[in-house]
Amino acid sequence: MAEPGSGPGGARDEEPGKEGAAPAPKKRRLAGGERYVPPPRKLSTGVSFGAEHFAETSYYFEGGLRKVRPYYFDFRTYCKGRWVGRSLLHVFGTEFRAQPLDFYRAAARAGRLRLNEEPVRDLHIVLKNNDFLRNTVHRHEPPVTAQPLRILAEDEEVVVVDKPSSLPVHPCGRFRHNTVIFILGKEHGLTELHTLHRLDRMTSGVLMFAKTAAVSKRIDEQVRERQLEKEYVCRVVGEFPEHEVVCEEPILVVSYKVGVCRVDPKGKPCKTIFQRLSYNGKTSVVKCLPRTGRTHQIRVHLQYLGHPIVNDPIYNMEAWGPDRGKGGKIGKTDEELLKALVEEHRSKQSLEILGIAEEDLNSGGENKDCGDSGDCTKSAEADPINGNSCPAEDVKDPERDTKDPERDTKDPERDEKDPERNVKDPERNDTAACPPNSDINQETLEKDKELGSCGNQDGQTGQKGWEEKDPLCVECRMSRRDPSPKELVMFLHALRYKGAGFEYCSDMPEWARDDWEE
């Protein structure tokens, strides 16, 4: 199965006449009625977010939130192996059930579905190996905090920032422009950066980028040899012990889609050292020193010790039972736990705090074959209709996912060096174009075909979408409750990163200061 690329620039043909360009492939003689599929295209490597990507849309600020104006965007994917021999209609109806089949038919009639760059006229077309599918969607991104992205240090080798909570590091899932990578490019002119490590979307603090591949490789070697020292600070429930606490409980991932882990003997071994810094009579500020890197390691270990992070939207919830998971006592099966967590957030209209939407929960079962989703380090193998994955151009460095205890990655096998990353379903973590059981009818979907085609059939994407309602876009007709700025903060902060020849620190967050009042 051909992959759409290992670099963020997406699939591109070699330019004819250029030195080193591959010779034009010979067309295979086709049997009568057989459909021709072009060979996979040559792929560019490296980091290539540039002005054309940053110009897709713009930001505006409202109610303490940074918002992105809706825009048209092309999602692309090569045919998956299991799709070969199946019709497009069958694939949509069995794997992408978050919207009715009428939606896909209307999208095809509007010219938004393309197979090998030709408009799809018949959804009964049978897919073949190397088929390349493109879909134009009207994209809405969730808001993030309006807190500025502060640059802590910059030289010829690295850029170090103080990441606000709620902001993903790189494009993934429903986020593209509301990410650190895009804000640095759009507002600071910093491009072609190499991600050295990541922080969970809800975790704030020190975040490093390399300016060259050589620097990235050098620091990556330190990470792999565990020469990088990491220090976090958090505010937890109750009076944490004054003496040093070492937790070495193994951690198991319960759900990649929702992003939930727990202590379990069958989990991976890990170790975190905790030291109390202060106690105000209700909550404690604790220093966290992760010695290994597992998914949500710091948060899970604190929950196990009976001192979850005060405003942790996963591990300090009633769904875990009266003791909130202390000592690993849950009293529920994994399925019951997930259902209780989702219902608790649904009742509070806060599912988006988890980084998921209602339609994500109905779009299919747990899938662990990493294609990948929120991490986007492999390919654009995704829901090409709804963008339930990242496009090929969002791919950066396939090796970068084994580096940091707070990164926002989703690969179930990339859990070696990151105790706090936000693990989700490896294939579905973007907003769907139409929620299940919606009231969209054929008349609505076909209304205003000229507008519905986006004027975008040359593959271009751009920001004109926010100026008008899109007739095929359910988000345009929905009213979602905005999270409050307070809901977008979790009291977990990457305070210091130290390696051979460097050390970077941020200020102590306001909520961690001795004089802070709840």
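Residues numbered from 1 in each chain as written. Predicted model: local features only at pLDDT ≥ 70, side-chain atom pairs only at ≥ 80, totals over all residues. Heavy atoms only, no water.

Asker: Summarise the packing of aromatic side chains; cite the residues concerned and give the values.
Answerer: According to the stated counting rule, one finds 13 aromatic pairs in the structure shown. Centre to centre, the rings of Tyr315 and Trp320 are 5.7 Å apart; their planes meet at 35°, and the pair counts as tilted. Note on Tyr315: relative accessible area 0%, which makes it buried. When its relative accessible area of 0% is taken as the criterion, Trp320 is described as buried. On the numbers, 5.8 Å between centres and 25° between planes, the contact of Phe502 with Tyr504 is stacked. Considered together, Phe502 and Tyr504 belong to a single accessibility category, that of buried residues. Clustering of aromatic rings is evident, with ring pairs tying together Phe49, Phe54 and Phe182. Cation over ring: Arg139 sits above Phe73, and NZ or CZ is 4.8 Å from the ring centre. In this arrangement the basic side chain of Lys186 is found over the ring face of Tyr59, its NZ or CZ atom lying 4.9 Å from the centre. (Phe/Tyr/Trp six-rings, centres within 6.5 Å; stacked < 30°, edge-to-face > 60°. Buried < 20%, exposed > 50% of the residue type's maximum accessible area, 1.4 Å probe, protein only. Lys NZ or Arg CZ within 6 Å of the ring centre and 35° of its normal.)

Asker: Please provide a residue-by-residue account of the sheet that holds strand S7 (residues 144-145), values included.
Answerer: Within a sheet, neighbouring strands are paired by backbone hydrogen bonds and run either parallel or antiparallel to one another. Pairing is antiparallel across the open sheet formed by 3 strands, whose spatial order is S1-S2-S7. Two strands close off the open sheet at either side, each with one partner strand: strand S1 (59-62) and S7. Direction of pairing for S1 relative to strand S2 (residues 65-68): antiparallel, over a ladder of 4 bridges. Note that in S2 the partner of Phe61 across the bridge is Arg66. Sitting on the sheet, helix H4 (residues 180-188) is in contact with S1 and S2, with an inclination near 100° to S1. (Pairing = 2+ DSSP bridges. Helix = DSSP H or I, 4+ residues; strand = E, 2+ residues; numbered from the N terminus. Contact = heavy atoms within 4.5 Å. Axes fitted to C-alpha atoms, helices over the stretch in contact; angles between N-to-C directions.)

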